Amino acid sequence: MRTQVCIIGAGPSGLLLSQLLHRKGIESVVLERKTKEYVLGRIRAGVLEHGFAELMREAGVGERMDREGFLHDGTVIAYDNHQFRVDFAARANASVLVYGQTELTRDLYEAREAADGKIVYNVEDVRIQDADGDAPYVEYNVGGQGQRIDCDYVVGCDGFHGVSRKTIPETVRKEYEKIYPFGWLGILSETPPVHEELIYANSERGFALCSMRNENLSRYYLQCPLDHNPEDWSDDAFWEELKRRIPEQAAEKLITGPSIEKSIAPLRSFVTEPMRWGKLFLCGDAAHIVPPTGAKGLNTAASDIYYLYHAMVQFYVDGEEEGLDRYSEKALARIWKAERFSWWMSNLLHLYPEQGEFDRKMQRAELEFLESNESAQRVMAENYVGLPF
Ligand code: RFL
Ligand code: PHB
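How each quantity is defined
Residues numbered from 1 in each chain as written. Chains lettered and ligands numbered in written order. Predicted model: local features only at pLDDT ≥ 70, side-chain atom pairs only at ≥ 80, totals over all residues. Heavy atoms only, no water. Helix = DSSP H or I, 4+ residues; strand = E, 2+ residues; numbered from the N terminus. Rg over C-alpha atoms; globule rule 2.2 N^0.38 Å. Buried < 20%, exposed > 50% of the residue type's maximum accessible area, 1.4 Å probe, protein only. Contact = heavy atoms within 4.5 Å. Areas by Shrake-Rupley, 256 points an atom, 1.4 Å probe, with all protein chains shown as cover. Lys, Arg positive; Asp, Glu negative; His and termini not counted. Charge placed at Lys NZ, Arg CZ, Asp CG, Glu CD. Pairing = 2+ DSSP bridges. Near = heavy atom within 4 Å. Polar contact = N/O pair within 3.5 Å; in protein donor to acceptor, adjacent residues only side chain to side chain. Nonpolar A, V, L, I, M, F, W, Y, C, P; charged D, E, K, R; others polar. 1 Å grid on protein atoms, 1.4 Å probe; cavity = no way out; pocket = protein on both sides within 12 Å on 5 of 7 lines; lining within 4 Å. Points joined across faces, edges and corners; volume = space filled by probe spheres on them. Expected span 1.5 Å × (residues − 1). Axes fitted to C-alpha atoms, helices over the stretch in contact; angles between N-to-C directions. Phe/Tyr/Trp six-rings, centres within 6.5 Å; stacked < 30°, edge-to-face > 60°.

Draft legend 1. View of the overall build of the protein chain. Of regular secondary structure, the protein chain possesses 13 helices and 20 strands. What you see for the protein chain is a C-alpha radius of gyration of 21 Å, in line with the 21 Å of a compact globule of 389 residues. Expressed as lengths along the three principal axes of its C-alpha atoms, the size of the protein chain is roughly 60 × 40 × 40 Å. Across the 389 residues of the protein chain, 54% fall into the buried class. The contacts in the protein chain between residues at least 6 apart in sequence include a share of 72% that link residues at least 24 apart. Of the accessible surface of the protein chain, which amounts to about 16,700 Å², a share of 47% is contributed by carbon and sulfur atoms. Considering the protein chain, the positive charge centre built from 44 side chains and the negative charge centre built from 62 side chains are found 1 Å apart.

Given below as structure tokens:
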């Protein structure tokens, strides 16, 4: 088989890229290790930067998002029993859209299927060959049969545990990593959200986040030790702990119910450089990870796709390689800023096991500064709604 662009991974990055390329007449094949149902079963991001929402519209998949998503003009930050609001509209003249990754991925699958886009599921043993030569190809097995796709370019959208990044030789690749000494225990419940905006809470018992998917679907998170098991947390224990970490006025209003999903995610900051090696490009979680505190993971994936899509159009339509040559540099410049913001928000809001009294006072001073200082709020708001591409 031959195609122009072979994309590894049918998560949001891979699907969005193949959909955008298709709209410009550029052909791609997407290879996915799992099934569509499996990918759609993962409960992940919920907050879209306004630039990402714009890219979804450009891909022709913004209709349901615009109908069912919720515009948020601000967020609540709480510490102890106290809370304040950062107004995104006033401070950064923009808002974010609350629309779940599951829904967005479903919209992308539908669009790819409607256009007869080629997605191969259940692929095994993907090998990217000759990425540093002129004629790259990808080998894989499906149903026990060996297959080969020849292409102009390979794009690794295969997430943190994928094969693409590891294809780049260690002599070329440099990785930067920070592991945080805690995780997030998350639950999804069919209950109305406790508040119309997100609440990020720093408490003496650890961080908590109140988020949502729609008016009857809430998403809540608690900072927890990494060795905890989600099965050891009963729903009652979760709700009790959440109530103790958020301001009383929110705790009193909290409507609880059975969880329909419960999982623990570790927190990590990670960047690999470069994001291009010959004819291979990396996008999204395959190249970088942020702790979820700044809601940036999926959004950084979207910014990679933005740069790579425009570079590929420039190449296929105008015969100009400059965008492809500058992809890694441009993508990384924005990624590092999102890494900084996510790291800053994580440091601001979590309880660190090694934290001394001085560090705790510093955190408190930073929260009070943010509450009282318009410039500090502007910096936070501009980062949260998304820096320009
Ligand atoms: P994905 O979604 O991991 O998709 C990669 C796909 O590649 C497939 N794959 C392979 N296919 C073929 N061959 C192989 N060898 C393969 N290896 C892997 C996988 O099966 C999968 O389908 O990466 P992608 O597309 O780059 O998307 C990234 C986002 O999923 C991720 O950044 C976000 O979910 C992160 N994230 C959040 N991001 C935000 O912007 N806002 C948020 O509010 C937010 N909250 C979160 C999050 C991630 C979380 N977890 C669990 C990691 C909350 C959580 C709890
Ligand atoms: C979510 O709704 O899953 C969510 C929202 C904001 C974050 C992280 C996760 O910062």
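Having seen the model, we can carry on.
Draft legend 2. Quick look at unusual backbone geometry. The amide bond that connects Glu-273 to the next residue, Pro-274, takes the cis arrangement and shows omega of -5 degrees. Phi at Asp-130 takes a positive value of approximately 55 degrees, unusual for a residue other than glycine. Topologically, Asp-130 is positioned in the loop between strand S9 (124–129) and strand S10 (137–142).

Draft legend 3. A look at the sheet that holds strand S3 (residues 47–48). Spatial ordering of the open sheet is given by S3-S7-S4, a layout of three strands whose pairing is antiparallel. Of all strands in the sheet, those bounded by a partner on one side alone are S3 and strand S4 (70–72). Two elements, S4 and strand S7 (residues 96–98), share three bridges in a ladder whose sense is antiparallel. In the strand pairing of S7, Phe-70 is matched with Val-98.

Draft legend 4. Region of interest: the site of ligand 2. If you check the shell around ligand 2, you find 13 residues, and the closest are Tyr-200, Ser-211, Arg-213, Tyr-221 and Pro-292. Contacts to ligand 2 include Ala-295, whose backbone N or O atom sits 3.3 Å from an oxygen atom. For ligand 2, whose unbound accessible area comes to 280 Å², protein coverage reaches 96%. Put simply, the parts of the chain that give the shell around ligand 2 at least two residues each are strand S15 (208–214) and strand S16 (217–224). The greatest single-element share of the shell around ligand 2, amounting to three residues, is contributed by S15. Across the shell around ligand 2, the residue classes break down as eight nonpolar, two polar and three charged.

Draft legend 5. Highlighting the site of ligand 1. In the vicinity of ligand 1 lie 31 residues, with Glu-32, Arg-42, Gln-101, Asp-285 and Leu-298 positioned nearest. Within the backbone of Pro-12, an N or O atom sits 3.3 Å from an oxygen atom of ligand 1. The fraction of the free accessible surface of ligand 1 (1,000 Å²) that becomes covered by protein chains is 89%. Elements supplying a minimum of two residues to the shell around ligand 1: helix H1 (12–23) and helix H10 (297–318). A total of three residues in the shell around ligand 1 trace back to one element, the largest contributor, which is H10. The residue inventory of the shell around ligand 1, partitioned by class, reads 13 nonpolar, 10 polar and eight charged.

Draft legend 6. Expanded view of empty space enclosed by the protein. One pass over the full model with this rule turns up two cavities of 30 Å³ or more. Together, Glu-49, Lys-296, Arg-334, Lys-337, Ala-338, Phe-341, Asn-383 and Leu-387 line the largest cavity. Among the elements that take part in the lining of the largest cavity, helix H11 (residues 322–349) stands out by supplying four residues, more than any other. Of the residues belonging to the lining of the largest cavity, the class tally is three nonpolar, one polar and four charged. A volume near 40 Å³ is recorded for the second largest cavity. Taken together, Val-47, His-72, Gly-74, Thr-75, Phe-88, Val-96, Val-98, Leu-198 and Tyr-384 make up the lining of the second largest cavity. Residues that form the lining of the second largest cavity fall into these classes: six nonpolar, three polar and no charged.

Draft legend 7. Seen up close, H1. A rise of 1.5 Å per residue sets the reference length of H1, with its 12 residues, at 16 Å; its end C-alpha atoms lie 17 Å apart and thus fit the reference within 8%. A large share of H1 lies buried, amounting to 10 of its 12 residues. For H1, the full list of buried residues reads Pro-12, Ser-13, Gly-14, Leu-15, Leu-16, Leu-17, Ser-18, Gln-19, Leu-20 and Leu-21. The first or second residue beyond H1 is Gly-25, which carries a positive phi of 80 degrees.

Draft legend 8. Seen up close, the sheet that holds S10. Strand order in the open sheet formed by three strands is S9-S10-S11, with antiparallel pairing between adjacent strands. Sheet topology places S9 and strand S11 (145–150) at the edges, where each strand pairs with a single neighbour. Taken over all neighbouring pairs, the strand axes of this sheet differ in orientation by 15 degrees on average, direction set aside. Here S9 pairs with S10 via four bridges, running antiparallel. The residue of S10 that forms the bridge with Ile-128 is Val-138.

Draft legend 9. A look at the packing of aromatic side chains. Tallied over the entire structure, the rule returns 23 aromatic pairs. Pairing Tyr-180 with Phe-182 gives two aromatic rings, centres 6.2 Å apart and planes at 40 degrees, and the pair type is tilted. Since its relative accessible area comes to 1%, Tyr-180 is described here as buried. A ring pair is formed by Tyr-307 and Phe-389, whose centres lie 6.3 Å apart and whose planes are at 75 degrees; its orientation type is edge-to-face. On the criterion of sequence distance, the pair formed by Tyr-307 in helix H10 and Phe-389 in the segment after helix H13 (374–385) is long-range, its members being 82 residues apart.

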